[in-house]
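Listed below are the residues making up each chain.
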Amino acid sequence: MRKTLWIVSLLLVASFVLAACGGASTTGGEPVTVVETVIVEVPAEGAVVAPSGYGVTLETVKARGNLICGVNSQVPGFGYIDADGNFSGIDVDYCRALAAAIFGDANKVEFRPVTAAERFTALQSGEIDVLSRNTTWSLVRDTELGGNFTATTFYDGQGMMVPADSGINSLQDLAGGTVCVQTGTTTELNLADVMSSLGIAYTPAVYEDADSTFAAYAEERCDAVTTDKSGLVSRRTVLADPSAHVILDVTMSKEPLGPMVRHGDDQWFDIAQWTVFAMIAGEEFGITSANVDSVRSSATAPEVMRLLGLEGDMGLKLGLNNDWGYNIIKLVGNYEEVYNRSLGPDTPTYIPRGYNSLYTEGGLLYAPPVR
Amino acid sequence: MTQENSILPPLTERFGILRWLRKNLFGSWLDAALTIIGAFIIYWAVTGLLTWAFTVAEWKVVSVNLRLFMVGQYPLQQLWRLWLALGFLMFLTGNSLAIWARRSYVATILLLAFPALLTLLPFGSEPRKWLIILSLTGVIGWGIGWSKPQALGRSVIFGWILSLPMFLLLTRGFTPEGGTMPIVGTNLWGGLLLTFLLTVVGILFSFPLGVFLALGRRSELPIIRLASVIYIELVRGVPLITIFFMAQLMLPLFLPPNWTVDRILRAMVAVTLFSAAYLAENVRGGLQAIPKGQFEAAHALGLNGAQTMVYIILPQALRLIIPILVGQFIAVFKDTALVAIVGLFDLVGIAKTVLAQPDFLGLQREVYVFISLIYWVLSYGMSYLSQQLEVKLGVGNR
Amino acid sequence: MQESAKQKATIPFWRDERILNILGQVVFIIGLLFIGSLIYQNMKAGLARQGISLSLNFLKGISGFDIAETLLPYSRTSSYWRAFQIGLLNTLSVSIVGVIASTVFGVILGVARLSTSFLINRLAAFYLELIRNLSLLVFLIFWYLGVFLKLPRVKEAVIWPGSIFLTNRGVGIPWGLPTDSYQTFRLILIVGLILAVGVFFLFQSYSKRTGRAPLTTLWTLLTFVIVGVVGWFILPEKPLTFDAPVIEGLNMTGGKVLSPEFMALTSGLVLYTSAFIGEVVRSGILSVSKGQVEASRALGLNGFQTLRLIVFPQALRVIIPPLTSQYLNLIKNSSLAIAVGYPDLFYISNAIQNQSGRAVEMFSLVMITYLMFSLITSVFMNWYNRRIKLVER
């Protein structure tokens, strides 16, 4: 009997070590929690890498052979799974551009849908290399949540959508009403801020994901639904009768959306940032995926030559090949092409360029010089 | 069996339909009132349901998205691998039924005909063809098993042991892009396939862990006992959803930087750890039911502690609790639905994405009724089959 | 250590079970501590990289979000801690309503399952089989999206007799509004309560003295009700005025509006749990041997008396332990509120965790709270179980 117990205890040790109690943690002090450190699936070559420092992320990505990009799967136009099961949207195309810059192959990217709640943890823990999931640039996220925003890919503002026949024309008309909103977002906080500063009493109906939020709105659980205006536009297209809903002419907050990388790897930050700038610069110089080859062969303007890797070794300075900019534009397209593919006039999710035009056309897009 | 047949059943009162009605439906005033109320409820529910199902409901959302419900985003051109794996399972099932459950005709017919029955659902011609093949494979397996029950026993057990790794290997693939079996990332696994894998992996791995925990809880070593008790009570005291959230949100924090664990694997680990605590309590119940004499007799025969456990106690205890284990299996099957809340595309998760399709807005009733039906048929089927087999095999009682 | 073991047992220490046992446990502890510390180090390093240290001080911070259903005063400037309390209260209210309703419904089902009426019997059996094989999550979502959100819009509300409004914004029911005399009425109620307790003990001692079994519970309740009703009518002004809901503007106002989230969660939980309780009750009643019933009938007790005095007390002993675990399941399952958007403990904690980024602290807090729930329920039910246990010789 004793011996059994001894053997059992030994096996217990083994089993605890192997699979053990990820169950719970105690009062706070020292967690008794044990996790299967042994059977963990480690990215084959990446194995255990030192805490992210300069250049580590690029190395890991190259060794792995693909880029892992945290995206949304529920917002048409930004990150969405289309009927054929492919990811599409401008956030998704950004990931493809980044993969093109690194590998010269826009398909070497794995899309990982992350929820609003888990996105920052996923980025911090290295589960994803870059977060491109309509995430608003804010101070807390830039600091406390352990990330760095690279550049703004879409200037947005929070809006409010109501049924057209509801007679609601302003936020004041919503007094006593119910507003659907998604949890874990800046939207939720902005809503509370704006409504309390205007002194409007309302009831929130808060949901875990975008699908539930808009499903509840479609069932008229609430009088209005709020999220970024771009989200409202794209979501309106998938409502039963899009014309029966209007977006109020109020902007409740600034929502600059853009890709985010984790703290500590400046090289990776630079690559992620200049991928955005290359796309914007491409539009500025009129280089498209269609004409990039002819432009390259006949280029004389130094700025264009530097962007397309004919002069100045710009790519090497980023830790990439010199044709990084060429690859981005050739394989994915410039900003305008990417925008029009997902949000242009020919798409159901059409959003006028507005602030998201080049600075030369009165917008806010302004790429620093490639030099 | 034959003996029983030779004894005639006692004479029973025979009565006509009116007498039966009188006895069972209108035995007393109270019964009569209840019967009328019951009849009204049945009438109301059945007519309401039928009217809705045949005139109001738009079942197109189900027929169009049937593949999504079954396998999620699993690539179309790789589906044959899943069919192959299922065929292997069917063959084994047929084999096993013929070897160990020769007399369970009901269970045999139900199990072997199940795929063929599924052709009644609005599948395309391709899946229908596969389903028929599945049924045929099962029948062939049954035939082979029937003809050579003795010779095959061992290899069938071996086959069952191999089946899960094989299923996982076929589902995931092993050659790089372009090979015959390109790797299908777990992010594409979904629907019933994912639910099924989570359940099976959860139960299989939680079983040894549960047995160890149960033994640990009965151990004479204080620290082992304490650790087991703490683990079991902690896990049983918190909702499953918190464990899923822990696995998805907090696990990355506990690992060294840049270590990642696949999301599906995390969910599998969470199911395993959760179910192990409940299983441990069931096993403990079984262990407690073994009389002390068994331990003493084993000792008297010169078996040491481990031998006593492995050869004498555990076989009896586990046999005793097989019905409870089936119940646990069904519970885990139903509980895996919670992974939809942490963003995995299991049956429920897929249902949510289907409902977000512009063509099928507002059809929540149809979709969730369909999903409920899948859960119901499979859960009820499992418990019904296990009851059938338990009676025939005499498990659950000594 | 080794020396003494050798001398005592005359077997080498590596085969001495006593030492091996201790050694095994030491290795086990060291293993646990090692893994624990590894995890702790990782976590600390991870948090340090983000510049966060573990502490509960963040709970004092301003939450910044609004909550739909609050039983305590709350606004966006309230603290995270207050938000947590609101979640806790919401979970409690769902649990209490759920436990009571599912017990009542479950007992009815259990008895119906044993009914001599064939139809009722089959109907109950069908219901039990139907519910027990469904996934609770799907069931809840169905109730929310498929039933309560499909109710008519506010403007087209269905009004049931008694001013019950059915809309997809919630179910409005009349609710009492306290008037000036409410304070006095509350005093009267307290007096009624004291009287009722007095009656309870009086009947108990009577029962002990004479051996008769009066309807103690009935009379106790009756005392309370009578005092309440008398108090209601002797007061010059009615202590409560009934406020029926009306449709005003965008929503219902007045009365009490039960949100679709609350309704879906509780009705789903109750219908689900009661199926399990029904099965528990049925097996409990069946566990009372038939001889007991026959004997009590032979003693001249009628059907109701047999059920109340003979069958039920005995069945209760079998019922209580599994009933306890059903209650615990209900409380734990209420965390699925997150699927229907009802702000319960888990839901709000998740929101706090999202906004503050304090995953470790919040999850610890949530788990401890649920453990406390489980512990308190078990302790209470164990106490009750001991009280009704058969006194064995």
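## Observations concerning the overall build of chain A
Link 1 in the chain: Within chain A one finds 14 helices and 14 strands.
Link 2 in the chain: Burial analysis of chain A (371 residues in total) assigns 57% to the buried set.

## A short note on the overall build of chain C
Link 1 in the chain: Counting its secondary structure elements, chain C contains 13 helices and 8 strands.
Link 2 in the chain: Over its C-alpha trace chain C gives a radius of gyration of 28 Å, far above what one expects of a compact globule, namely 21 Å for 393 residues.
Link 3 in the chain: Oriented by its inertia axes, the alpha-carbon framework of chain C measures out at about 85 × 65 × 45 Å.
Link 4 in the chain: Counting all 393 residues of chain C, 36% fall into the buried class.
Link 5 in the chain: Taking all contacts inside chain C whose residues are at least 6 apart in sequence as the whole, residues at least 24 apart take part in 64%.

## Some words on the pairing of strand E10 (residues 203–207) of chain A
Residues and elements named next belong to chain A.
Link 1 in the chain: Counted residue by residue, E10 has 5 buried out of 5 residues, so it is predominantly covered.
Link 2 in the chain: Here E10 shows two buried faces, one formed by Thr 203, Ala 205 and Tyr 207 and the other by Pro 204 and Val 206.
Link 3 in the chain: Bridging between strand E9 (residues 178–182) and E10 involves 5 bridges; their strand directions are parallel. Bridging from a neighbouring strand, Gln 182 pairs with Tyr 207 of E10.

## So, the sheet that holds strand E4 (residues 87–88) of chain A
Residues and elements named next belong to chain A.
Link 1 in the chain: Strand order in this open sheet of 3 strands is E2-E3-E4, and the pairing throughout is antiparallel. Two strands in the sheet have a free side with no partner beyond their single neighbour: strand E2 (74–75) and E4.
Link 2 in the chain: With 2 bridges connecting them, E2 and strand E3 (residues 79–81) associate as antiparallel partners. Residue Val 75 lies in a different strand from E3, and its bridge partner there is Gly 79.

## Details of the environment of C:Thr210
All names here are of chain C.
Link 1 in the chain: Relative to the elements of secondary structure, Thr 210 occurs in helix H6 (residues 182–210).
Link 2 in the chain: Classification of Thr 210 as exposed rests on a count of 9 C-beta atoms within 10 Å.
Link 3 in the chain: Sequence-wise, Thr 210 and Tyr 347 are 137 residues apart; in three dimensions their C-alpha atoms are separated by 55 Å.

## Remarks on the environment of B:Gln364
Link 1 in the chain: Among the secondary structure elements, B:Gln364 is positioned in helix H18 (residues 364–393).
Link 2 in the chain: In this structure, the C-alpha to C-alpha distance between B:Gln364 and B:Lys352, residues 12 residues apart in sequence, is 8.9 Å.

## So, the nonpolar core
Link 1 in the chain: With 265 residues, the main nonpolar core has B:Phe244, C:Leu137, C:Val138 and C:Leu140 as its most contacted residues.
Link 2 in the chain: When residues in this core are grouped by element, the largest group, 14 residues, is from helix H13 (residues 263–288) of chain B.
Link 3 in the chain: Ignoring sequence-local partners within four residues, the contact set of C:Val138 consists of B:Ala337, B:Val348, B:Tyr368, B:Ile371, B:Ser372 and B:Tyr375.
Link 4 in the chain: One finds B:Leu89, B:Met90, B:Leu111 and B:Trp130 within the second-largest nonpolar core, a separate group that totals 14 residues.

## Describing the packing of helix H5 (residues 136–147) of chain C against helix H8 (residues 260–287) of chain C
When two helices pack together, you describe them by how their axes are tilted relative to each other and by the distance separating the axes.
All names here are of chain C.
Link 1 in the chain: The contact between H5 and H8 brings their axes to 8 Å, and the two run at 140°. Judged by the angle between their axes, H5 and H8 are oblique. Crossing angle aside, the handedness with which H5 passes H8 is right-handed. Of H8, the residues touching H5 (which contributes Leu 136, Phe 139, Leu 140, Trp 143 and Tyr 144) are Pro 260, Glu 261, Ala 264, Leu 265, Ser 267, Gly 268 and Tyr 272.
Link 2 in the chain: A breakdown of the residues in the contact of H5 with H8 according to their chemical character gives 9 nonpolar, 2 polar and 1 charged.

## Quick word on the domain arrangement of chain C
Link 1 in the chain: Annotation of chain C at the domain level lists domain 1 (2–49) and domain 2 (80–174 + 244–388).
Link 2 in the chain: Of note, the centres of domain 1 of chain C and domain 2 of chain C, computed from C-alpha atoms alone, are 46 Å apart.

## Considerations on helix H9 (residues 266–284) of chain A
All names here are of chain A.
Link 1 in the chain: With 19 residues, H9 should cover 27 Å at 1.5 Å per step; its first-to-last C-alpha distance of 26 Å lies within 8% of that length.
Link 2 in the chain: Most of H9 sits out of view: 15 of its 19 residues are buried.
Link 3 in the chain: Directly after H9, the chain includes Gly 286, whose backbone phi takes a positive value near 70°.

## Things to note about the domain arrangement of chain A
Residues and elements named next belong to chain A.
Link 1 in the chain: When its domains are assigned, chain A resolves into domain 1 (57–153 + 258–371) and domain 2 (157–254).
Link 2 in the chain: Computed from C-alpha atoms alone, the centre-to-centre distance between domain 1 and domain 2 is 29 Å.
Link 3 in the chain: At the interface, 14 residues of domain 1 touch 14 residues of domain 2.
Link 4 in the chain: Its residues placed into classes, the side of domain 1 that touches domain 2 shows 7 nonpolar, 7 polar and no charged.

## Comments concerning the packing of H8(C) against helix H10 (residues 303–333) of chain C
Residue and element names in this part refer to chain C.
Link 1 in the chain: The N-to-C vectors of H8 and H10 enclose an angle of 155°; their axes lie 8 Å apart at closest approach. With respect to each other, H8 and H10 are oriented roughly antiparallel. For the crossing formed where H8 meets H10, the hand is right-handed. The segment H8 lies against H10, with Leu 269, Thr 273, Phe 276, Ile 277, Val 280, Val 281, Gly 284, Ile 285 and Ser 287 engaging Val 311, Ala 315, Val 318, Ile 319, Pro 322, Leu 323, Gln 326, Asn 329, Leu 330 and Asn 333.
Link 2 in the chain: For the contact of H8 with H10, the class distribution of residues is 13 nonpolar, 6 polar and no charged.

## Let's talk about unusual backbone geometry
Residues and elements named next belong to chain A.
Link 1 in the chain: One non-glycine residue with positive phi stands out, namely Glu 220, at about 60°.
Link 2 in the chain: Following the sequence through the fold, Glu 220 ends up in the loop between helix H7 (210–218) and strand E11 (224–228).
Link 3 in the chain: A positive phi angle is found at Asp 313, which is not glycine, with a value near 50°.
Link 4 in the chain: Its location among the elements puts Asp 313 in the loop between helix H11 (302–307) and helix H12 (314–318).
Link 5 in the chain: A tally of 10 C-beta atoms within 10 Å means that Asp 313 is categorised as exposed.

## Structural notes on the sheet that holds strand E2 (residues 164–167) of chain C
All names here are of chain C.
Link 1 in the chain: The strand order across the open sheet built from 4 strands is E1-E2-E3-E8, with neighbouring strands paired in antiparallel fashion. Looking at which strands have only one partner, the edges of the open sheet turn out to be strand E1 (158–160) and strand E8 (256–258). Along the sheet, successive strands turn relative to each other by an average axial angle of 20°, direction set aside.
Link 2 in the chain: Examined bridge by bridge, E1 and E2 share 3 bridges and lie antiparallel to one another.

## A short note on the pairing of E2(C)
All names here are of chain C.
Link 1 in the chain: Judged by which residues are buried, E2 turns out to be one-sided: Phe 165 and Thr 167 face inward and are buried, whereas Ile 164 and Leu 166, on the alternate face, are not.
Link 2 in the chain: The turn linking E1 back onto E2 is made up of 3 residues, and Gly 162 within it adopts a positive phi angle of 90°.
Link 3 in the chain: Two elements, E2 and strand E3 (residues 170–173), share 3 bridges in a ladder whose sense is antiparallel. Residue pairing across strands places Leu 166 opposite Val 171, the latter belonging to E3.
Link 4 in the chain: Two successive antiparallel strands, E2 and E3, enclose a turn made up of 2 residues.

## Quick word on the confidence of the model for chain C
Link 1 in the chain: In the predicted model, chain C carries a mean pLDDT of 85, and 95% of its residues have values of at least 70.
Link 2 in the chain: Complex prediction metrics read pTM 0.81 and ipTM 0.84.

## Considering the confidence of the model for chain A
Link 1 in the chain: Within chain A, residue pLDDT values average 82, and 85% of them lie at 70 or more.
Link 2 in the chain: The model gives residues 1–52 of chain A a pLDDT under 50, and that stretch makes 143 contacts with residues more than four places away or in other chains.

## What to know about the environment of C:Val230
Link 1 in the chain: Within the secondary structure, C:Val230 sits in helix H7 (residues 216–234).
Link 2 in the chain: As for C:Val230 and C:Tyr347, which are separated by 117 residues in sequence, their C-alpha atoms are 44 Å apart.

Conventions we followed
Residues numbered from 1 in each chain as written. Chains lettered and ligands numbered in written order. Predicted model: local features only at pLDDT ≥ 70, side-chain atom pairs only at ≥ 80, totals over all residues. Helix = DSSP H or I, 4+ residues; strand = E, 2+ residues; numbered from the N terminus. Buried ≥ 20, exposed ≤ 12 C-beta atoms within 10 Å, placed from the backbone. Rg over C-alpha atoms; globule rule 2.2 N^0.38 Å. Contact = placed C-beta atoms within 7 Å. Pairing = 2+ DSSP bridges. Core = buried A, V, L, I, M, F, W, Y, C linked by C-beta atoms within 7 Å. Axes fitted to C-alpha atoms, helices over the stretch in contact; angles between N-to-C directions. Parallel < 35°, antiparallel > 145°, perpendicular 65-115°, else oblique. Left-handed = near helix turned anticlockwise from the far one by under 90°. Nonpolar A, V, L, I, M, F, W, Y, C, P; charged D, E, K, R; others polar. Domains from an automatic or database assignment. Expected span 1.5 Å × (residues − 1). pLDDT = per-residue confidence, 0-100.

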